[in-house]
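Structural description and commentary
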Amino acid sequence: MEEKENFMREAIKISIDSMRAGNGGPFGAVIVKDGKIIARGFNKVTSSNDPTAHAEVVAIREACNVLGSFQLTGCEIYTSCEPCPMCLGAIYWARPDKMYFANTKTDAAAIGFDDQFIYEEIALPISGRHLCTEQLLNQEALEAFKEWEKKTNKIEY
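These lines cover the structure that appears in this document, whether it is placed above or below. (Residues numbered from 1 in each chain as written. Predicted model: local features only at pLDDT ≥ 70, side-chain atom pairs only at ≥ 80, totals over all residues. Heavy atoms only, no water.)

Here the focus is helix H1 (residues 2–20). The end-to-end C-alpha distance of H1 is 27 Å, a good match for the 27 Å that 19 residues give at a rise of 1.5 Å each. Of the positions making up H1, those classed as buried are Phe7, Met8, Ala11, Ile14, Ser15 and Ser18. Across the axial projection of H1, the buried residues extend over an arc of 110°, all falling on one side. Across H1 from its buried face, at more than 90 degrees, point the exposed residues Glu2, Arg9 and Arg20. Structurally, H1 contributes buried residues whose contacts are with strand E1 (28–33), strand E2 (36–42), strand E3 (75–81) and strand E4 (98–103). In the stretch just after H1, Gly22 is the one whose phi turns positive, near 80°. (Helix = DSSP H or I, 4+ residues; strand = E, 2+ residues; numbered from the N terminus. Expected span 1.5 Å × (residues − 1). Buried < 20%, exposed > 50% of the residue type's maximum accessible area, 1.4 Å probe, protein only. Arc of directions from axis to C-beta. Contact = heavy atoms within 4.5 Å.)

Right under this line is the structure:
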C-alpha cells in the first residue's frame, strides 16, 4: 500500500507545484508501469489555451509517447482528483489496468470545478442538450465507416 500512496503523493505534489507556478488548476496525475512512474501530467488549460490539457490527458499523451503505443495496458494512473467526464473517457480509451484518485468530484465542485452539468447533458437526448447540435451529411460520412469496415490491414482499438 505504501508504494501506491507514494505514487498518489507524487500526483498531489504535481497538482500543488503546477498550480503555484500558474500553469492551471490544481490537478496532477502520474502513470505507472512495472512500479515506475513513466509519465507525469498537470493541468495546462490556461497556460496552453487548450481546454483538453487536463492533467490526466497530458499524462496519457506522455505515457503513450514513452511506450510507443496508443494503449496503457499494464499501467496504472494516479490522479489527484476524480476525473471529469472527458478525462474519464480518455482513461477508458487508453485502457490502463487500474485508476486511483484522491479528491472527489464533489471536492472539485466545491472550489468551482463542477462537471455535473456535463454528466447531466450526456444523459439527455441530443435535442434536449444546451449545446445546439445538428446532424449533417450522415450518408456521405458513412462512406468512411464502410471503407473502414472492409479494410483488411486496419489496427483495431
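Next comes the rest of the account.
Among the structural elements, Thr79 can be located in strand E3. You can call Thr79 buried: its relative accessible area is 1%. Beyond its immediate sequence surroundings of up to four residues, Thr79 is in contact with Met8, Ala11, Gly28, Ala29, Glu56, Tyr100, Phe101 and Ala102.

Before going further, it helps to spend a moment on the pattern of salt bridges. In this structure the tally under the stated criterion is 5 salt bridges. Across the salt bridge formed by Arg61 and Asp50, the nearest N and O atoms sit 4.0 Å from each other. Note that Arg61 is positioned in helix H3 (residues 55–67) and Asp50 in the loop between helix H2 (45–48) and H3, a separation of 11 residues in sequence. In this structure Arg61 comes out as partly exposed when scored by relative accessible area, which is 46%. The closest approach of N and O atoms between Glu156 and Lys154, which form a salt bridge, is 4.0 Å. Residue Glu156 is classed as exposed on the basis of its relative accessible area of 55%. Under the relative-accessibility criterion, Lys154 is labelled partly exposed at 22%. (Salt bridge = Lys/Arg side-chain N within 4 Å of Asp/Glu carboxyl O.)

The 4 strands lie next to each other as E2-E1-E3-E4, forming an open sheet whose pairing is mixed. Either end of the sheet is taken by a strand with one partner, and the two such strands are E2 and E4. Across the sheet, the mean angle from the axis of one strand to that of its neighbour is 15°, orientation sign disregarded. Both E1 and E3 contribute to a ladder of 5 bridges, which runs antiparallel. Bridge pairing in E3 places Ala29 opposite Thr79. (Pairing = 2+ DSSP bridges. Axes fitted to C-alpha atoms, helices over the stretch in contact; angles between N-to-C directions.)

Okay, the nonpolar core next. Formed by 17 residues in total, the largest nonpolar core has its most connected members in Ile31, Ile38, Ile60, Ala63 and Leu72. Secondary structure elements with two or more residues in this core: E1, E2, H3, E3 and helix H4 (85–94). The next biggest cluster of nonpolar side chains, apart from the first, holds 8 residues, and it includes Phe7, Ala11, Ile14 and Val32. (Core = buried A, V, L, I, M, F, W, Y, C linked by side-chain atoms within 4.5 Å.)

Distances and angles like these do not, on their own, reveal function.
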